[in-house]
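Report on the structure
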Amino acid sequence: MDINSEIAKLDWSREPKGLYAPIGYTLEAGGKRVRPTLALLACQLFGGNEQEVLPAALALEVFHNFTLLHDDVMDNASVRRGRPTVHVKWDANTAILSGDQMLIEAYKLLSQVPANKLAQCLQLFNKMATEICEGQQYDVDFEHRDDVTIEDYMMMIRLKTSVLLATALQMGAYIANATEQQQHALYEYGIHIGLAFQIQDDLLDCYGDPKTFGKAIGGDIAEGKKTFMWLTYQSKAQSQAIHSHDLTEVLTAYNQYGVREIAEKQIEQLTTKALAYLDTLPQNEATEQLRQLAAHLINRKS
């Protein structure tokens, strides 16, 4: 199943255009489609019906993009996937309201899963949505705290990033009638891949190529975000820690303390743990694709 063609079938030509056009603009920008792909792969892994999991897969992608719309407003980000963000192309009010509607549309899509699976899917979806909001709030809070630890950060990105990947996998497996133990293994695979994914994102924000990354390099540094890179440096430098938001100055400090190498090792360790969970599951084409996806996510340039 081609998830992009399924997303393209969603109709955003409705009135008022000021509400729906930004939704179409956001979804047509592409992206990796990781969340719906994970839901479909989890379903395939256990021999489920793709048509039954498709509404959940689409709901997860629309929900994910809703969070990006609001995140970009909160972060005052100007570029997303190589294009102006919605609040730049239109305005902040449009981004907020269109984002609100995207959340509603996500639930409308989710409601189309088989009736006998809906209650549990709603429970999983609601838990995930709440945790993502909690993670976002921690992210905001951390900007104004000087006592944030690497452990705090890992907890925050687990909520903000990992649970969406993990829930996509668990929902796909659940709809395909996987056991609770199998669902748990896939969920933990998703958690660890999500953590590796976010640390890779932190690394790319410092060392990525703006032509392929799709966002401005050094955005986290300019915003003063407490990323894995920043917190690792602070823990190593201690009394010599700098408080600059200048990209060149910060990268020079990172290079002095081997921050990039530490991040790369952490990504490798998390990925190894994720793959160990896959080893406990049925081995078929879907499992192999999940392995390849893990390798792709941590070696990505965008």
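Note that this is a predicted model, so its numbers are computed, not measured.

Calculation criteria
Residues numbered from 1 in each chain as written. Predicted model: local features only at pLDDT ≥ 70, side-chain atom pairs only at ≥ 80, totals over all residues. Heavy atoms only, no water. 1 Å grid on protein atoms, 1.4 Å probe; cavity = no way out; pocket = protein on both sides within 12 Å on 5 of 7 lines; lining within 4 Å. Points joined across faces, edges and corners; volume = space filled by probe spheres on them. Helix = DSSP H or I, 4+ residues; strand = E, 2+ residues; numbered from the N terminus. Nonpolar A, V, L, I, M, F, W, Y, C, P; charged D, E, K, R; others polar. Salt bridge = Lys/Arg side-chain N within 4 Å of Asp/Glu carboxyl O. Buried < 20%, exposed > 50% of the residue type's maximum accessible area, 1.4 Å probe, protein only. Contact = heavy atoms within 4.5 Å. Core = buried A, V, L, I, M, F, W, Y, C linked by side-chain atoms within 4.5 Å.

Okay, empty space enclosed by the protein next. Under the counting rule described, the total for this entry stands at one cavity of 30 Å³ or more. As a volume, the largest cavity reaches approximately 100 Å³. Around the largest cavity, the lining residues are Tyr-25, Thr-26, Ala-29, Leu-68, Leu-69, Asp-72, Arg-80, Arg-81, Arg-83, Pro-84, Thr-85 and Val-86. Contributions of two or more residues to the lining of the largest cavity are made by helix 2 (17-28), helix 4 (50-75) and strand 2 (83-84). Residues that form the lining of the largest cavity fall into these classes: six nonpolar, two polar and four charged.

Turning next to the layout of surface pockets. Any empty space left between the atoms is revealed when a probe the size of a water molecule rolls over them. Size it by volume and the second largest pocket reaches roughly 290 Å³. Taken together, 20 residues form the lining of the second largest pocket, with Asp-146, Lys-226, Trp-230, Gln-234 and His-243 sitting closest to its centre. Contributions of two or more residues to the lining of the second largest pocket are made by helix 9 (180-207), helix 11 (219-223) and helix 12 (228-237). Tallied by class, residues from the lining of the second largest pocket come to six nonpolar, six polar and eight charged.

This part is about the pattern of salt bridges. Pairs can form between side chains of opposite charge once their charged atoms are near each other. On inspection of all chains with the given rule, the structure shows 16 salt bridges. The closest approach of N and O atoms between Lys-9 and Glu-6, which form a salt bridge, is 3.2 Å. A salt bridge links Glu-264 to Arg-260, with the nearest nitrogen and oxygen atoms 3.4 Å apart. Remark: Arg-260 and Glu-264 occur in helix 14 (residues 259-278); sequence separation between them is four residues, near one turn of the helix. A residue is classified by how much of its surface remains accessible, and Glu-264, at 37% relative accessible area, is partly exposed.

Now for the side chain of His-70. By the element assignment, His-70 lies in helix 4. When neighbours within four sequence positions are excluded, His-70 is seen to be in contact with Ala-95, Ile-96, Gly-99 and Asp-100.

This brings us to the nonpolar core. If you look at soluble globular proteins, the nonpolar side chains tend to sit buried side by side. In this structure, Phe-63, Phe-125, Leu-186, Tyr-189, Tyr-254 and Leu-290 are the most contacted members of the largest nonpolar core, which totals 99 residues. When residues of this core are assigned to their parent elements, the largest contribution, 14 residues, is made by helix 8 (residues 150-175). Excluding residues that lie within four positions of it along the chain, Phe-63 makes contacts with Leu-103, Ala-106, Phe-125, Met-128, Ala-129, Ile-132 and Leu-164.

Further remarks concern the environment of Asp-202. Checked against the element boundaries, Asp-202 lands in helix 9. Separated by 149 residues in the primary sequence, Asp-202 and Val-53 place their C-alpha atoms 32 Å from one another.

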